[in-house]
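Observations on the three-dimensional arrangement
Okay, here's what each chain looks like letter by letter:
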Amino acid sequence: MRLSLHLGLALTLAALLAAGVSLLWTPYDPAALSIAEKLRPPSAAHWFGTDHFGRDIAAMLMAGARTSIAVALVAVGIGMGLGVPLGLLAAARHGGMADEVVMRGNDLIFAFPSLVIAILITAVFGPSAFNAILAIGIFNIPVFARVARGGALSLWTLDFIRAAEVAGKGAVRISAEHILPNISNLLIVQGTIQFSLGILAEAGLSYVGLGAQPPTPSWGRMLAEAQTMVTLAPHVAIFPGLAIVLTVFGLNLLGDGLRDRLDPRLRARA
Amino acid sequence: MTLLAVRDLSLRIGPTPILSDVTFDIATGEVFGLVGESGSGKSMTALALMGLLPGTARTEGQAHFGDIDLLAQDDAAMTRLRGRDVGMIFQEPMTALNPMKTIGDQVAETLLIHRAASRADARRVAREKLERVGLPPDRFPLSLYPHELSGGQRQRVAIAMAIALRPRLLIADEPTTALDVTTQAQILDLLQGLVRDEGLALLLITHDLAVVAGMARHVAVMQHGRIVETGPVERIFRAPGKDYTRQLLAASDHRPARKPQMPTSNPQALLSVDNAVREYVLPRPSAFAAHPRLRAVDGVSLAIRPGESLGLVGESGCGKSTLTRAILGLDALQGGTIRLGGAPVIAGRSMSPTLRARVQAVFQDPYGSFNPRHRVDRLVAEPFHLIGLPPDAEDRIAAALEEVGLSAADRHKYIHEFSGGQRQRIAIARALIIRPDLIVLDEAVSALDVRVRAQVLDLLARLQESHGLAYLFISHDLSVVRAVTDRVLVMQSGRIVEAGETARVFASPEHPYTRRLIAAAPTIPDAWKEHAHAD
């Protein structure tokens, strides 16, 4: 339990570090072509080897981490920023019209397979990192709305909310002052999980060519470009694949670990 | 004849000692009461006997049950024993049954697990047992699910499960604490009948001395994991040998010293409720039917004078809480009016904050009444939202805490650092801080242990006198209402069925429902008390 939290934290920090460092320094220019150096296996000069254009894979992975993390982070931000207030509103007006509208709207979004809609959005508005963010972000809204509503509903039955009502506080104020701080644990945990799903979704969209466009490096597109030469130079596919797997794995472990750590019910049992 | 002889039972969970040297005997066919306040180790004793302790628990001592030692059995042996020789029922009937299985299957399951009967026989026995616990076949077929039953009926099913294999010992851990007083009386009757007819022994664990007084032959009083005193109930109650027992007995029918308010002394009503109606819209029974309505409060009228204590008693679902929410201006009425000092109480923003500030409330649950993330000063200061933060807010927070018997330094602590009784004091400080005229006490002492409850009642009486507060005291506990109110209202199915001076209503109740309530409330016989107090 402890181990998973620490391992998850380490993997997540590694990905964040790679993205952060890439802003200042990468071993090579990730966009620099050098056909003479193409498909070199890992070596001291090129830690993870080079791809079919002779670009340094380590440099591309670092820069790609930046794209993945930025897309996922903003998408989670959109989901939280819109979903949480909607969920709080639904809980505050439980059983009322607002609750009904928010929850049925949620159901509507949930009813569509997310990747298909993401493909639709990027197909209509053109493929770009921004549209990928939008597509992934929209599907985060109902997730956060549900988590926020569920957590808030159980709090609304407690006497301290009654006391706040007796103190003349309205639903908005109670939601901000009493509900939100007490569901922040839930939201943080859901945030890490959505973050990992966002990275996966970005990789998926880039893989089918609907995410970040060249020359912006992206893990998903690296995989797509590598697939034709998987037998020839497996390292070109293995390293971006590993980057995705380890980052998603790390974020999931972090989410689980945080849940165990932050949820007082689970903490009491431990 | 001794059925269960517990000798020097000690228990540690990890490094923490839970029980030490618990020793008592239960004879065949008797009710043995185990009383104590929360955390005294009553339930742990029962779980130790049943072998249901957590894995890190270590027990010492013996518990001779017939010719075996319950504490020396391995898991497999205890599994065979539980249900067959020792049955158990728990406090919470709402969660004691599996919601996905019919009541017939659940009672039959006990027999099937112990391979005591074939499937058909098991169902026949289940039928018999359910009938024995007062669930006759015409109204309660085996195919019912727990959600179709009330709390009392579910507790009957739990009892039927526990007695299905005719165990020699039944352990009942607070079996009636979650039930209404009239239901409690029926369940206690049933348990007593079972002891008499089936010859089983009953270990009755409760915090309620009055329940023990009416049920048990012998009693053991527990405190801090030890048995303080044990003996025949009547002797212990008449002449308690230990201070702790004496304190418990005194606290259980404690009456705070208070000046009764004469109804004629101040005719102008502070709060008047006139013909209040509150309806809920229920879901449609079928797609095109009209929404049925539930009238939770049905034409209720009442008045509270300044400085008066008014009691409101009734069982769960009678509409007390709904009425309270309307009085606090949280829910709108469908009919009638509520006026506070002449001004109308309306739900929502149209009610002025200064009017709202005249009524505050203290709620039941000391653990759910506070935002765990705020410090005490912020919690207590919350009602200032109504009147604006005064310049001397800090001083007033300190004063309010000191007034309820806490220290001003407590304001920097978080709520989890306080006990249940202290939390209820903080709740009172929160209600007091803006100097309301009326405090609604919604089951405010129901969750407290008797000694703490007595202290809080004293505090409330003192504050009432010094501030001229009026109280609306809502409770299901008749003895408390009797001790602290001037007048009392009895509520049943949304209506006030009886109203009058507290002493008069309790001495000569007029409405049959009031009579039933008073008769059902367990009491310690007066003769025992007089003797004890004379000591």
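Residues numbered from 1 in each chain as written. Chains lettered and ligands numbered in written order. Predicted model: local features only at pLDDT ≥ 70, side-chain atom pairs only at ≥ 80, totals over all residues.

In the annotation of an unreviewed UniProt entry, the entry for chain B reads Dipeptide ABC transporter ATP-binding protein, and the organism field reads Albidovulum marisflavi. Per UniProt, chain B carries the Subcellular location (unreviewed entry) text "Cell inner membrane". For chain B, the Sequence similarities (unreviewed entry) comment in UniProt is given as "Belongs to the ABC transporter superfamily." (UniProt positions renumbered as here; feature names shortened; annotations may be inferred.)

In the nomenclature of an unreviewed UniProt entry, chain A corresponds to ABC transporter permease from the organism Albidovulum marisflavi. The Subcellular location (unreviewed entry) comment attached to chain A in UniProt states, word for word, "Cell membrane". Among the UniProt annotations of chain A, the heading Sequence similarities (unreviewed entry) holds the following wording: "Belongs to the binding-protein-dependent transport system permease family."

1. Brief notes about the interface of chain A and chain B
At the interface, 14 residues of chain A touch 19 residues of chain B. Broken down by secondary-structure element, the contributors of at least two residues to the side of chain A that touches chain B are helix 6 (159-166) and helix 7 (171-207) of chain A. Element by element, the count of residues in the side of chain A that touches chain B is highest for helix 6 of chain A, at 7 residues. Residues that form the side of chain A that touches chain B fall into these classes: 7 nonpolar, 3 polar and 4 charged. (Contact = placed C-beta atoms within 7 Å. Helix = DSSP H or I, 4+ residues; strand = E, 2+ residues; numbered from the N terminus. Nonpolar A, V, L, I, M, F, W, Y, C, P; charged D, E, K, R; others polar.)

2. Quick look at the sheet that holds strand 9 (residues 218-223) of chain B
All names here are of chain B. Read from one edge to the other, the open sheet built from 6 strands follows the order 6-7-8-3-9-10, with strand pairing classed as mixed. The strands lining the two open edges of the sheet, one partner per strand, are strand 6 (86-89) and strand 10 (226-232). Across the sheet, the axes of successive neighbouring strands diverge by a mean angle of 15 degrees, strand direction being ignored. Both strand 3 (residues 31-36) and strand 9 contribute to a ladder of 5 bridges, which runs parallel. By the bridge assignment for strand 9, Leu 34 is matched with Ala 220. Relative to strand 6, helix 6 (residues 151-163) is tilted by about 170 degrees, and along the sheet it contacts strand 6 and strand 7 (169-173). Where helix 10 (residues 243-252) meets the sheet, it contacts strand 9 and strand 10, and its direction lies at approximately 100 degrees from that of strand 9. (Pairing = 2+ DSSP bridges. Axes fitted to C-alpha atoms, helices over the stretch in contact; angles between N-to-C directions.)

3. Let's talk about unusual backbone geometry
Residue and element names in this part refer to chain B. Its identity is not glycine, yet Asp 8 carries a phi of approximately 50 degrees, on the positive side. Here Asp 8 is to be found in strand 1 (residues 2-13). The backbone of Asp 21 shows a phi angle near 50 degrees, a positive value even though the residue is not glycine. Position of Asp 21 relative to the elements: it lies in strand 2 (residues 16-27). Take Asp 21: there are 13 C-beta atoms within 10 Å of it, and that puts it in the partly exposed class. (Buried ≥ 20, exposed ≤ 12 C-beta atoms within 10 Å, placed from the backbone.)

4. Details of the pairing of strand 11 (residues 271-281) of chain B
All names here are of chain B. Note that strand 11 and strand 12 (residues 293-304) share 9 bridges and pair antiparallel. When the sheet's bridge partners are listed, Leu 271 is paired in strand 12 with Ile 304. Taken together, the 5 bridges between strand 11 and strand 14 (residues 335-340) define a ladder with antiparallel strand orientation. Along strand 14, the bridge assignment pairs Ser 272 with Arg 339.

5. Description of helix 1 (residues 2-24) of chain A
Structurally, the α-helix is built with 3.6 residues per turn, so residues lying three or four positions apart point the same way. Residues and elements named next belong to chain A. Given a rise of 1.5 Å per residue, 23 residues ought to cover 33 Å, and the 33 Å separating the end C-alpha atoms of helix 1 matches this to within 8%. Listing the buried residues of helix 1 in full gives Gly 8, Leu 11, Thr 12, Ala 15, Ala 18, Ala 19 and Ser 22. Considering only its buried residues, helix 1 is in contact with helix 2 (57-92) and helix 9 (235-262). (Expected span 1.5 Å × (residues − 1).)

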